[in-house]
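# Coordinates in review
So you can see what is in the structure, the chains are spelled out below.
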Amino acid sequence: MNAQPLLTLRQLACGYGGQRVVEHLNLHLERGDIGCLLGPSGCGKTTTLRAIAGFEPVHEGEIQLADRIISRSGFTLAPERRRIGMVFQDYALFPHLTVADNVAFGIRKHAHVQRIVAELLELVHLAPLSKRYPHELSGGQQQRVALARALAPEPDLLLLDEPFSNLDGELRRRLSHEVRDILKFRGTSAILVTHDQEEAFSVSDQVGVFRDGRLEQWDTPYNLYHEPLTPFVASFVGQGYFIRGQLIAPQKVQTELGVIQGNRAFNWPTGSSVDVLLRPDDIVYAPESALKATIVGKTFLGASTLYRLQLPTGNQLEGIFPSHADYRTGEQVGIRVAADHLVVFPALGSVAAHETLPEAGVRRFSSI
Ligand SMILES: Nc1ncnc2c1ncn2[C@@H]1O[C@H](COP(=O)(O)OP(=O)(O)OP(=O)(O)O)[C@@H](O)[C@H]1O
């Protein structure tokens, strides 16, 4: 069966009043898929979500849901007529209504309201708490009520704006997995906004990385990690270091770690200066290797240990090794590069060489 498009944004520009926050936005969500808008604070994720919900008019381009245009310049279908549900960061439950009445709110006139509410409360594991009020629930429980309430009218699309960010650690992880399971079980399509990459990857089928109001890449988590299209995406998603090198053949780069060969060819001229992205899992412990690095830092992660490694030139990298062998800071270890999916960007004249990258993730250049 062919995948059916549900949501399409075409050349969308949106913002507030005359101010454009997001421009040239194109994306496409299949029915039943969960998409995510990921990016640093202020890059326009929530603005995009509000435009999809119909809370903000669009300046240019259009938004199509199933077979109808719901927004274009000069036309905004009212939010309540879009068949779109919302789940907010702060839950936004009605404080004077019980859990069951909150869930029933959008389907009060439905003939089978009680049955639907009972089924949804089962689904979100809150059946025993149906008579409680929101203030008598934990944050995680309140967010489950909000999810059940949003699902009750069977929306075509569910929008979730940072739904887990008021929850901490383990609960946040557990609930995000649970929400994915619930959405998949019901076949509900959704768009999630987050600035947490782990959350984006664990919940979504497709993730869009935003930067300054532009979508840099809309792709699967796997492709974002292994095939980032821009240095920004490479840096925002995952960890790693860029090592400067020289292209000596379409698939080979000469670096201070030796010749690194990937599984794809680059068509820049031989001799081009390039930056190769090396993630911690690309650096393998290899006692027999002539290439040695000095351990200058380590973080125990349980099953594995993340080592900060200094090369003979003084440049640094990170490597992740199984934790059953434990090495001390100051010790020398043999390493080799095992990077099948070589991620390479042109170095000279590259805009990326001058940009400020977010704190987490890739350091643009390795250095002491
Ligand atoms: N109501 C508003 N009126 C005018 N400008 C706004 C309004 N809301 C947000 N902005 C601006 O739009 C830009 C994008 O904001 P937006 O909330 O979409 O970012 P975000 O990516 O969701 O960030 P965060 O992760 O911090 O929520 C910011 O510069 C912000 O100051």
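In this text, all values refer to a predicted model and were calculated from it rather than measured experimentally.

## Some details on empty space enclosed by the protein
Counted according to the given criterion, the structure contains 1 cavity of 30 Å³ or more. Looking at the largest cavity, its volume works out to about 40 Å³. Lining the largest cavity are V87, Q143, R144, L147, L160, P163, F164, L175 and V179. When residues of the lining of the largest cavity are traced back to their parent elements, those giving at least two are α4 (139–151) and α5 (169–186). Of the residues contributing to the lining of the largest cavity, the split by class is 7 nonpolar, 1 polar and 1 charged.

## Description of the site of the ligand
For the ligand, the set of nearby residues contains 13 residues, the closest of which are S41, G42, K45, T46 and T47. Taking S41, its side chain carries an N or O atom lying 2.5 Å from an oxygen atom of the ligand. Here K45 contributes a side-chain N or O atom positioned 2.9 Å from an oxygen atom of the ligand. At 3 residues, helix α1 (residues 45–53) tops the list of elements feeding residues into the shell around the ligand. A class-by-class count of the residues in the shell around the ligand yields 4 nonpolar, 7 polar and 2 charged.

## Some thoughts on the domain arrangement of the protein
Here the protein is partitioned into domain 1 (5–226) and domain 2 (231–354). Centre-to-centre separation of domain 1 and domain 2, based on C-alpha positions: 37 Å. In this assembly, domain 1 packs against domain 2 so that about 1100 Å² is buried in total across both faces, 66% of it on carbon and sulfur atoms. Here domain 1 is connected to domain 2 by 0 salt bridges. Here the side of domain 1 that touches domain 2 takes 4 residues from helix α7 (residues 221–226), the largest share from any one element. Across the side of domain 1 that touches domain 2, the residue classes break down as 8 nonpolar, 5 polar and 2 charged.

## Considerations on the sheet that holds strand β5 (residues 68–72)
The sheet built from 5 strands is open, its strands ordered β2-β1-β4-β5-β6 with antiparallel pairing. Unpaired on one side and paired on the other, β2 (19–30) and β6 (75–76) mark the two borders of the sheet. Examined bridge by bridge, strand β1 (residues 5–16) and strand β4 (residues 58–65) share 6 bridges and lie antiparallel to one another. Bridging from a neighbouring strand, C14 pairs with V58 of β4. Most of the contacts of α1 go to β1, to which it runs at about 115 degrees, and overall it touches β1, β2, β4 and β5.

## Notes on the layout of surface pockets
Using a probe with the size of a water molecule, rolled over the atoms, empty space left in the structure can be pinpointed. Considered as a void within the structure, the largest pocket measures approximately 600 Å³ in volume. The wall of the largest pocket is formed by 19 residues, among which I84, G85, M86, A150 and P153 lie closest to the centre. The set of elements that each furnish at least two residues to the lining of the largest pocket consists of β7 (84–87) and α4. Grouping the amino acids of the lining of the largest pocket by side-chain chemistry returns 13 nonpolar, 2 polar and 4 charged.

## Some details on the nonpolar core
With 48 residues, the main nonpolar core has L147, L158 and L160 as its most contacted residues. Two domains each provide a minimum of three residues to this core, namely domain 1 (5–226) and domain 2 (231–354). With residues up to four places along the chain from it excluded, the contact list for L158 reads G85, M86, V87, L147, A150, L151, L183, T188, S189, A190 and I191. Judged by nonpolar contacts, the second largest core, of 29 residues, contains L6, L12, V22 and L77.

## Points about the packing of aromatic side chains
Applying the stated criterion across every chain yields a total of 8 aromatic pairs. Between F266 and W268 the ring centres are 5.3 Å apart and the planes differ by 10 degrees, which places this aromatic pair in the stacked class. Between Y307 and F321, the ring centres sit 5.3 Å apart and the planes meet at 35 degrees, which makes this aromatic pair tilted. One end of the pair, Y307, is in strand β18 (residues 304–310); the other, F321, is in strand β19 (residues 316–322), with 14 residues separating them in the sequence. A residue is classified by how much of its surface remains accessible, and Y307, at 0% relative accessible area, is buried. The class for F321 is buried, based on a relative accessible area of 2%. Aromatic ring contacts, followed pair by pair, group Y285, Y307, F321 and Y327 into a single cluster. For R108, the ring lying beneath its charged end belongs to F105, and the centroid distance is 4.2 Å. Positioned over the ring face of Y225 is R279, at 4.1 Å from the centre of the ring.

About the thresholds
- Residues numbered from 1 in each chain as written.
- Predicted model: local features only at pLDDT ≥ 70, side-chain atom pairs only at ≥ 80, totals over all residues.
- Heavy atoms only, no water.
- 1 Å grid on protein atoms, 1.4 Å probe; cavity = no way out; pocket = protein on both sides within 12 Å on 5 of 7 lines; lining within 4 Å.
- Points joined across faces, edges and corners; volume = space filled by probe spheres on them.
- Helix = DSSP H or I, 4+ residues; strand = E, 2+ residues; numbered from the N terminus.
- Nonpolar A, V, L, I, M, F, W, Y, C, P; charged D, E, K, R; others polar.
- Near = heavy atom within 4 Å.
- Polar contact = N/O pair within 3.5 Å; in protein donor to acceptor, adjacent residues only side chain to side chain.
- Domains from an automatic or database assignment.
- Buried area = accessible area lost by both parts, 1.4 Å probe.
- Salt bridge = Lys/Arg side-chain N within 4 Å of Asp/Glu carboxyl O.
- Pairing = 2+ DSSP bridges.
- Contact = heavy atoms within 4.5 Å.
- Axes fitted to C-alpha atoms, helices over the stretch in contact; angles between N-to-C directions.
- Core = buried A, V, L, I, M, F, W, Y, C linked by side-chain atoms within 4.5 Å.
- Buried < 20%, exposed > 50% of the residue type's maximum accessible area, 1.4 Å probe, protein only.
- Phe/Tyr/Trp six-rings, centres within 6.5 Å; stacked < 30°, edge-to-face > 60°.
- Lys NZ or Arg CZ within 6 Å of the ring centre and 35° of its normal.

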